[in-house]
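Residue-level listing of the chains:
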2 protein chains.
Amino acid sequence: MSEPDHVDEIISAWHVQLPEIAGLPLELAKRSALLTAAFDEVAARELERLRLTQAEYGVLAVLRRVGEPYRLRPSELTGALLLSSGGTSNVLKRLGAAGLVSREADADDGRSTWVRLTPRGVEVAEAAVRAVTAAHARIVDRIPRAEAELLNNVLKDVLAAVEEGVLVRR
Amino acid sequence: MSEPDHVDEIISAWHVQLPEIAGLPLELAKRSALLTAAFDEVAARELERLRLTQAEYGVLAVLRRVGEPYRLRPSELTGALLLSSGGTSNVLKRLGAAGLVSREADADDGRSTWVRLTPRGVEVAEAAVRAVTAAHARIVDRIPRAEAELLNNVLKDVLAAVEEGVLVRR
DNA sequence: ACGAAAAAGCTATGTGGAAAGCTTTATGCT
DNA sequence: AGCATAAAGCTTTCCACATAGCTTTTTCGT
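By the naming in an unreviewed UniProt entry, chain A goes by HTH marR-type domain-containing protein and is assigned to Kitasatospora phosalacinea.

Below you can see the structure in the form of structure tokens.
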């Protein structure tokens, strides 16, 4: 065992107060939340510089990732991100106003439209993805390589076990 | 290696589109986010039943955890949760209106007040903490015991390495 | 072919929490 | 002691996103 960290303090407080609370589930939930918060924290700082919200970033990243012609339907974006259809609509309106995406009617399905990155949208998407990934890399660089890879592998296994029943996509 | 999961698909999409993006930092960030989302998801469902927001739950849990007389200053709550001072204020107003916390002036420091769980607040706090922990335990139960403990230990080590410079408390 | 039900996506409204600014009280410097 | 600065916490404003309901179009059953 390593020396006590901040989560250990929480655990031992619960151990005194309500012993049945202090267990592995609490530890895992807290530690997982802390690691995610660290990633989110640095990503948020980068996105603030670029004047993008998390949701906007998500849309740009998904559109860039699908490759030419950088085009998807709103419903596909709603599904790929964890966003409501109304939320997607708002985000697309903002991105449209900023000139980062354009929209065109779908010839086959009159209910639907295509959302497409503009050339500037492609640029911003790439800049944002690079900035966020670089920020994440600065965190991972603090971890010894072997340990980071171990964590990744264990996480993958665990997620495979966990995700059989919980929603979660991305 | 295990078989490809959903994150692997994202990685390979980036590998085609912008190869420098597809790396360990992205994988770790995504997998960490997914695990945290799984925990948050089930916790949110429990809290919804109890008519509590995440922030309200946080306040109740911290107050219950410090033990008798279940009392802290708003600034201590602001620090313990990841909340702004204004956000803390709003949450306390709601909890006060719901009869779960009471407030009393601090005799020593006129700027400050004490926030204290009412008897009902203690009950609700315990019910909420038990419900959330039980929900988390249902997730952890899907993971083989040895692997869950391995993950916890690796996470702890990694956090120790990462947290030297990133904020993050709780 | 026609009506019912489902699907896509938009609009309107609600909400939780952040940010900034204000008031009051405490502290520190000279 | 007296003034300036800092700290505590509340109020106000704002914003991103969720939820619910609506319109339009498609699909499916008969």
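For the pair chain A and chain B, the best superposition has an RMSD of 0.1 Å and corresponds to a rotation of 180 degrees with a translation of 0.1 Å parallel to the axis. In the structure described here, the two chain copies are related by an operation that fits a two-fold rotation axis. Both copies present the same face, since 100% of the interface residues in chain A are matched by interface residues at the equivalent positions in chain B.

It is common to give the size of an interface as the accessible area that goes away when the parts come together. The interface is formed by 69 residues belonging to chain A together with 69 residues belonging to chain B. Between chain A and chain B, a total of about 6900 Å² is buried, with carbon and sulfur atoms accounting for 71% of that surface. The tally of links between chain A and chain B comes to 4 salt bridges. With its nearest N and O atoms 2.8 Å apart, the salt bridge here joins A:Glu20 to B:Arg130. At the surface where chain A touches chain B, the tally comes to 13 residue pairs in polar contact (both at pLDDT 80 or more). Of all the secondary-structure elements, those providing two or more residues to the side of chain A that touches chain B are α1 (6–17), α2 (24–49), α3 (54–65), α6 (119–140) and α7 (145–162) of chain A. Element by element, the count of residues in the side of chain A that touches chain B is highest for α7(A), at 16 residues. Residue composition of the side of chain A that touches chain B, grouped by class: 36 nonpolar, 11 polar and 22 charged.

Conventions used here
- Residues numbered from 1 in each chain as written.
- Chains lettered and ligands numbered in written order.
- Predicted model: local features only at pLDDT ≥ 70, side-chain atom pairs only at ≥ 80, totals over all residues.
- Heavy atoms only, no water.
- Least-squares fit on C-alpha atoms with pLDDT ≥ 70 in both.
- Contact = heavy atoms within 4.5 Å.
- Buried area = accessible area lost by both parts, 1.4 Å probe.
- Salt bridge = Lys/Arg side-chain N within 4 Å of Asp/Glu carboxyl O.
- Polar contact = N/O pair within 3.5 Å; in protein donor to acceptor, adjacent residues only side chain to side chain.
- Helix = DSSP H or I, 4+ residues; strand = E, 2+ residues; numbered from the N terminus.
- Nonpolar A, V, L, I, M, F, W, Y, C, P; charged D, E, K, R; others polar.

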